[in-house]
Amino acid sequence: MSYEYILVDPQFKTHIALVRLNRPKELNALNLQLMLEMKQALHDLDEDENVRCIIITGNEQAFAAGADIKQMESRTPIDLLKIDQFETWDQIRKTKKPIIAAVSGFALGGGCELAMTCDMIVASETAKFGQPEIKIGIMPGAGGTQRLTRAVGKALAMEMVLTGKFISAEEALRSGLINKVVPEEVYLDEAVKLAKEVCQMSPVATRLAKESVNKAFESGLQEGLFFERKNFYMCFSSNDQKEGMKAFVEKRIPDFKGN
Ligand code: DAK
């Protein structure tokens, strides 16, 4: 399938798909169609047996500078209700396969929220993260106040959300928002390296583990532990569990098939 605002390569590397935001002149501002395309692409990649990990990226200058302000400017609450963009974001969040955001340049507003919706973030030294919605008279609407606060804590989240200040990749790393900072020339390569590590694991266990970590954000400890336990048991119904443990005993690399 071809898209207008994103480029999708389901076979970027073995088992790794790449989704590239592709509105460079607008710093990859997220218009409605781009988000619908993203939803569709992630849905298709989730169904694709060959794909084990997905990387979302932009270009050197911008991951995404936020939702498209020009498109939002004249919206009424009823327009927003009818468009129900939250459904799109919810579907993206429900992607079962692991997603790595490879971020360079601006990751602002909805762009920062999109990166935070991913499971891990690899950033270039030039990356800047921010929730500047307050400067245009609104506030984050796609999880920014929740995910940012859980990631970096109240003090920094409050400062970013209330003043719109950007933080550097280094500060994002120190505060727990991202996984890695690397030179701009290699940020995509580093994301691929991380994706390759993930791809070597059992796809079944990976899916259950991702689900379980995410549950920690949505539940109390007891409920989360119960959920984890059920997913842990489920791992033992997979051939990958037998293969993984057998390979350990036989001192060889496991050959995981995802069943
Ligand atoms: N929307 C539309 N166009 C944008 C844009 C954006 N967010 N960001 C940049 N552009 C466009 C600029 O208008 C300019 O276009 P032309 O004037 O050339 O036609 C072009 O990209 C290059 O930008 P600049 O000329 O401004 O470039 P600079 O290097 O000078 O500045 C900047 C870069 C990133 C600092 C600046 O462009 C900027 O401040 N951009 C806006 C950042 C921002 O405020 N982001 C938050 C937007 S609000 C929701 C889900 C999500 C959201 C809401 C609801 N639901 C589920 C309901 C999210 C909301 C937001 O993200």
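Right above here is the structure, for reference.
Not measured: the values here are computed from a predicted model.

Quick notes on the rules
Residues numbered from 1 in each chain as written. Predicted model: local features only at pLDDT ≥ 70, side-chain atom pairs only at ≥ 80, totals over all residues. Heavy atoms only, no water. Axes fitted to C-alpha atoms, helices over the stretch in contact; angles between N-to-C directions. Helix = DSSP H or I, 4+ residues; strand = E, 2+ residues; numbered from the N terminus. Left-handed = near helix turned anticlockwise from the far one by under 90°. Contact = heavy atoms within 4.5 Å. Nonpolar A, V, L, I, M, F, W, Y, C, P; charged D, E, K, R; others polar. Phe/Tyr/Trp six-rings, centres within 6.5 Å; stacked < 30°, edge-to-face > 60°. Buried < 20%, exposed > 50% of the residue type's maximum accessible area, 1.4 Å probe, protein only. Lys NZ or Arg CZ within 6 Å of the ring centre and 35° of its normal. 1 Å grid on protein atoms, 1.4 Å probe; cavity = no way out; pocket = protein on both sides within 12 Å on 5 of 7 lines; lining within 4 Å. Points joined across faces, edges and corners; volume = space filled by probe spheres on them.

Visitor: Quick one: what's the story with the packing of helix α1 (residues 32–47) against helix α4 (residues 85–93), residue by residue and with numbers?
Guide: Contact geometry for α1 and α4: axes closest at 9 Å, N-to-C directions at 30°. As α1 runs across α4, the sense of the crossing is left-handed. Taken together, the residues of α4 that come into contact with α1 (itself represented by Leu 32, Met 35, Leu 36, Met 38, Lys 39 and Leu 42) are Gln 85, Glu 87, Thr 88, Trp 89, Gln 91 and Ile 92. A breakdown of the residues in the contact of α1 with α4 according to their chemical character gives 7 nonpolar, 3 polar and 2 charged.

Visitor: Requested: an account of the packing of aromatic side chains, with residues and values cited.
Guide: Under the defined criterion, the tally for this structure stands at 2 aromatic pairs. Here Phe 106 and Phe 166 contribute two aromatic rings whose centre-to-centre distance is 6.3 Å and whose plane-to-plane angle is 70°, an arrangement assigned as edge-to-face. Taken together, the residues span a long stretch of sequence, with Phe 106 in strand β6 (residues 106–108) and Phe 166 in the loop between α7 (154–163) and β9 (167–168) at a distance of 60 residues. Ring geometry for Phe 232 against Phe 236: centres 5.3 Å apart, planes inclined by 65°, an arrangement best described as edge-to-face. In this structure Phe 236 comes out as partly exposed when scored by relative accessible area, which is 38%. The side chain of Lys 128 reaches across the aromatic face of Phe 106, ending 5.3 Å from its centre.

Visitor: Give a description of the layout of surface pockets that names residues and reports values.
Guide: Of the pockets and cavities examined, the largest pocket occupies roughly 1,100 Å³. Contributing to the lining of the largest pocket are 35 residues, with Thr 117, Cys 118, Asp 119, Asn 214 and Phe 217 lying nearest its centre. For the lining of the largest pocket, the secondary structure elements donating two or more residues are α4, α5 (110–117), β7 (120–124), α6 (144–152) and α10 (203–215). Sort the elements by how many residues they give to the lining of the largest pocket and α10 lands first, with 8 residues. Looking at the lining of the largest pocket residue by residue, the classes come out as 16 nonpolar, 8 polar and 11 charged. Taken as a whole, the second largest pocket holds about 840 Å³ of empty space. Looking at the second largest pocket, it is lined by 31 residues, and the ones nearest its centre are Ala 67, Met 72, Glu 133, Ile 138 and Met 139.

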